[in-house]
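Now for the letters of each chain:
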Amino acid sequence: MIQQKLRRSMLFVPGSNVSMVCNAFIYQPDTVMFDLEDSVALSEKDSARLLVYHALQHFTYKDIETAVRVNPLNTPFGILDLEAAIRAGADIIRLPKTDSVDDVLEMEQEIADIENRIGRQKKTMMLAAIESALGVVNAVDIARSSKRLMGIALGAEDFVRDLRTQRTKAGSELMAARNQILLAARAAKISAFDSVFSDVKDKEGFVYEVNYIKGLGFDGKSLINPNQIPWLHKAFEPSIEDITWAQEVLEAAKDSKIRGLGVVSIDGKMVDAPIIARARWIVDLAKASGVLGEEV
Amino acid sequence: MITFSLVPSTSTLRLAKIKEFLALFELECSEDVESFVVAKEDAKIIACGGIAGKVLKDIAIDGLYQGKHLALKLMSELLHVAYEAGRQELFLFTKPCYVEVFEDCGFKYITQAAKTIALMENHQNLEPYCKSLRALRVKGNKIGSLVVNCNPFTLGHLHLVKSACATCDWVHLFVVKEDASYFPYVTRLALIREGLEGIKNLTIHEGSDYIISKATFPTYFIKDKRKIDSLFTELDLNLFRNHLAPQLGITHRFVGEEPLCVVTHEYNQQMKKCLAQVGVMPSIEVVEIKRIYHANEPISASRVRKAMQDGDIELISHLVPSSTLYAIQNILKKQEK
Amino acid sequence: MQQNIIPSHAGTLESSDLFVRILPKKEGGVSIELESSVCEIYADAIKKTVLECANAFGADGMSIIVQDKGALDYVIKARVQTALLRAFGMNELDWSVL
């Protein structure tokens, strides 16, 4: 299974926007996602591809997780985008408009072919964006379709159009899709990511939505503006109580391991593997949020 | 978010909004603009720029967007559209205070008129053109010049050039190159050459972008306007006086006296003022040559074209030299077929 | 080798970017015309990068006109290579030259 790292913030960077491409790393999102698809005009597909190809290899992106949203494989750009991203060492390929298992398998095959051809050792991960009613209905199968899938994400803009409605602040139109995607991801033990929040000036609305999706259980969210990163990270920051609890759990686990005990317990309650994993996640989150030093 | 779109001047609804926007900057939407690049934010126009042939003009940016950022974005889009259309060598009109912004976009200053308008180019063709003129320099005390369209060449033009040549050591004649007249440039040039054959002290220059062209003098080609834009007149004359004339040592410029056409009449009057001014470059004396008449009416190219419409070959034969008459007869014959 | 060069351009005039134009020219060789908003001390380095890109494509008989707005080295490469690909009408990428 793919190692699950912290991915609260996934910053969308239009591949045709030079200053964003050059500077996105400064804002320290958990993942930088270079977009070659919808944010790039047809006439600039080639230039964006080359720019992202070179940026990915630049040292400023060596220590940060990178994803590339490629054009669909049935367009003249898809396969070229894919080869550029894999050659340049992108960690994740974001599949646009995933409707079915076949979409994932087709992409998986193309990725494998390219990796073989160029001799890339490290396996490229995939993230499937679900942007249609059909995709949501198939989410459970999609989430389990490939070992390369590290997560699935909701693409809300296209999804609401498919539903023949529009986005609202309350977000009731996305309720079914969010729940379905989350359940599918958890069942397949991969990550779940929420869609972008477009009104970059509305901090209050953004924070509300982040708390909401965090409450649902999402791992993180796609972002279109770097300003949203600190707001999001703040919202994901664990409470002191949570951190204290998590540290105690990890300490107890370590303790029982040293003493060769098979069972971990705190205050008389048994602590099993999922709880330990949850505690580790909280400590990671606390470290990433800067509320906990690295030495812990 | 700022979005860009291309608006052809035929889309009346959107063009009306562009006109409103340009009016805020006291800019009048030029009639020869084919399309505009428009930048919008929240459905509101915040910048625009027009393309007319190889000329970029009517460029305006909302004052709320300080700095060069939006200007550079807009220019990137405009250049993209122009280059995609195969127009590599571009001119640009702006206010002199914005010259620096466009220098940042690779344009170079050529000349200006008052403090209102500046002409720039994105190539360096002016210098080679001046150099090519220098090579054609002829020594003399009195060097005359003429700029003619000759649509078509008439006995009036013949008289004008002969009068100039009679009083000068040498005369340089420039033919307007722009193909915006009834007679195409190649025909006009050929008829001028044939009509003036045998005159010894004359150089006939092919036209260029730097002398009465859509770049230096766009309003000259908007016939229905019947209004001379004194700014562009000045721009064209500044370019002639400060860049072209010195290469050839031109001391005089000859024009036909204009009793009928308002555009040309006003142009002549302004030319006198403009070229006579004392400046860095030597001033040039403007000489008006009286028209010659046939049947109590001055001979002019427009009269010839009118006679062509009427099919009045008899009249035309009194207005033009035989070379032009022959060409007109051929055209009329073709039209009959 | 006779090359058919299509006039082309790539990039923008925006800060951190580079606007590059390629025009065919009758004489052989590659000429580079550079205007940079950053200090002239970078001019040689920029020209070198541009020329390397052109040479990797085996370019001949073209002038490359560059407006630099403070682009990083990899941005220069990306823009010039895009313009070169467009100038040669190439869609398939030859990764060995990039």
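Worth saying up front: this structure is predicted, and the values here are computed from it rather than measured. Position labels on residues start from 1 in each chain and follow its written sequence. Labels are handed out in written order, letters beginning with A for the chains and numbers beginning with 1 for the ligands. At least 70 in pLDDT is required for a residue's local features to be given in this predicted model, at least 80 for side-chain atom pairs to be given and counted, and no such filter applies to totals for whole chains, interfaces and linings, which use all residues. The side-chain values count all of the structure's non-hydrogen atoms but skip hydrogen atoms and water molecules.

Quick look at helix α8 (residues 175-187) of chain A
Here α8 of chain A spans 18 Å end to end across 13 residues, near enough to the 18 Å set by a 1.5 Å rise per residue. Only DSSP runs of H or I with at least four residues qualify as helices, and only runs of E with at least two residues qualify as strands; both kinds are numbered from the N terminus onward. In the segment just after α8 of chain A, K189 of chain A is the residue with positive phi, at about 55°. One fewer than the residue count of a helix, multiplied by 1.5 Å, yields its expected span.

Description of the interface of chain A and chain C
Residues are treated as being in contact if the distance between any of their heavy atoms lies within 4.5 Å. Each side of the interface is counted separately: chain A has 21 residues, and chain C has 17 residues. Here's the idea: put two parts together, see how much 1.4 Å probe accessible area each one loses, and the total over both is what we call buried area. Taken together, both faces of the contact between chain A and chain C bury some 1700 Å²; the carbon and sulfur share is 66%. For this analysis, a salt bridge means a side-chain nitrogen from Lys or Arg found within 4 Å of a carboxyl oxygen belonging to Asp or Glu. In this structure, the connection of chain A to chain C is made through two salt bridges. With a shortest N-O distance of 3.4 Å, R86 of chain C and E44 of chain A are connected by a salt bridge. N or O atoms closer than or at 3.5 Å make up a polar contact, with two conditions inside protein: a donor-capable atom paired with an acceptor-capable one, and, for residues adjacent in sequence, both atoms drawn from side chains. Where chain A packs against chain C, one counts five residue pairs in polar contact (both at pLDDT 80 or more). For the side of chain A that touches chain C, the elements supplying multiple residues, two or more each, are α1 (18-23), α2 (45-57) and α3 (78-87) of chain A. It is α2 of chain A that provides the largest number of residues to the side of chain A that touches chain C, a total of eight residues. Charged means Asp, Glu, Lys or Arg here, nonpolar means Ala, Val, Leu, Ile, Met, Phe, Trp, Tyr, Cys or Pro, and polar covers whatever is left, Gly included. Broken down by class, the residue content of the side of chain A that touches chain C amounts to ten nonpolar, six polar and five charged.

Side note on the packing of α3 of chain A against helix α4 (residues 101-118) of chain A
Residues and elements named next belong to chain A. Taken N-terminus to C-terminus, the directions of α3 and α4 make an angle of 50°; their axes are 10 Å apart at the nearest point. With respect to α4, the element α3 is oriented oblique. Remark: the crossing between α3 and α4 carries right-handed chirality. Residues I79, L82, E83, I86 and R87 of α3 touch α4, and the partners they reach there are M107, E110, I111, I114, E115, R117 and I118. When its residues are assigned to classes, the contact of α3 with α4 shows seven nonpolar, no polar and five charged. An axis is simply a line fitted to the C-alpha atoms; with a helix, the fit covers only the stretch in contact. Between two such axes, the angle follows the N-to-C directions and lies from 0 to 180 degrees. Roughly parallel means an angle under 35 degrees; roughly antiparallel, over 145; roughly perpendicular, 65 to 115; everything else is oblique. It is the rotation of the near helix from the far one that decides the hand of a crossing: anticlockwise by less than a right angle makes it left-handed, clockwise makes it right-handed.

Points about the domain arrangement of chain B
Residue and element names in this part refer to chain B. What marks off one domain from the next here is an automatic or database domain assignment. Assigned domains of chain B: these are domain 1 (2-124) and domain 2 (127-336). Its C-alpha centre places domain 1 at a distance of 31 Å from the equivalent point of domain 2. Residue-level contacts link 19 residues of domain 1 with 18 residues of domain 2. A buried area of about 1500 Å², summed over both sides, lies between domain 1 and domain 2, and 63% of it is on carbon and sulfur atoms. Here domain 1 and domain 2 share one salt bridge between them. With a closest N to O distance of 2.8 Å, D209 and K54 form a salt bridge. Listing elements by their share of the side of domain 1 that touches domain 2, those giving two or more residues are β4 (55-61), β5 (91-94), β6 (108-113) and β7 (117-121).

Some details on the nonpolar core
As used in this record, nonpolar core signifies buried Ala, Val, Leu, Ile, Met, Phe, Trp, Tyr and Cys residues forming a set joined through side-chain atoms within 4.5 Å. The classification of residues rests on relative accessible area computed with a 1.4 Å probe and restricted to protein chains. Under 20% of the type maximum is buried, over 50% is exposed, and intermediate values are partly exposed. By size, the foremost hydrophobic cluster in this structure holds 95 residues, and its most contacted members are F34, V68 and I152 of chain A together with L84 of chain C. When residues of this core are assigned to their parent elements, the largest contribution, nine residues, is made by helix α2 (residues 73-87) of chain C. Leave out the neighbours within four places in its chain, and V68 of chain A touches M33, F34, L36, V52, L56, A85, A90, I92, I93 and R94 of chain A. With 39 residues, the next largest nonpolar core counts Y129, V176, F217 and L248 of chain B among its residues.

What about the sheet that holds strand β1 (residues 8-11) of chain C?
In short, DSSP must find at least two bridges between two strands for them to pair. What the four strands build is an open sheet, ordered β1-β2-β4-β3 (chain C); its pairing is mixed. The outermost strands of the open sheet, each flanked by one partner alone, are β1 and β3 (30-36) of chain C. Neighbour to neighbour, the strand axes of the sheet diverge by 10° on average, direction disregarded. Direction of pairing for β1 of chain C relative to strand β2 (residues 18-24) of chain C: antiparallel, over a ladder of four bridges. Residue pairing across strands places S8 of chain C opposite I22 of chain C, the latter belonging to β2 of chain C. Lying on the sheet, helix α2 (residues 69-84) of chain B is in contact with β1 and β2 of chain C; it crosses β2 of chain C at an angle near 15°.

Observations regarding the packing of α2 of chain A against α2 of chain C
Following both chains from N to C, one finds α2 of chain A and α2 of chain C inclined at 145°, their axes separated by 9 Å at the closest point. Here the hand of the crossing between α2 of chain A and α2 of chain C comes out right-handed. Facing α2 of chain A, whose interface residues are D46, S47, L50, L51, H54 and A55 of chain A, α2 of chain C presents Y74, V75, K77, A78, R79, Q81, T82, L85 and R86 of chain C.

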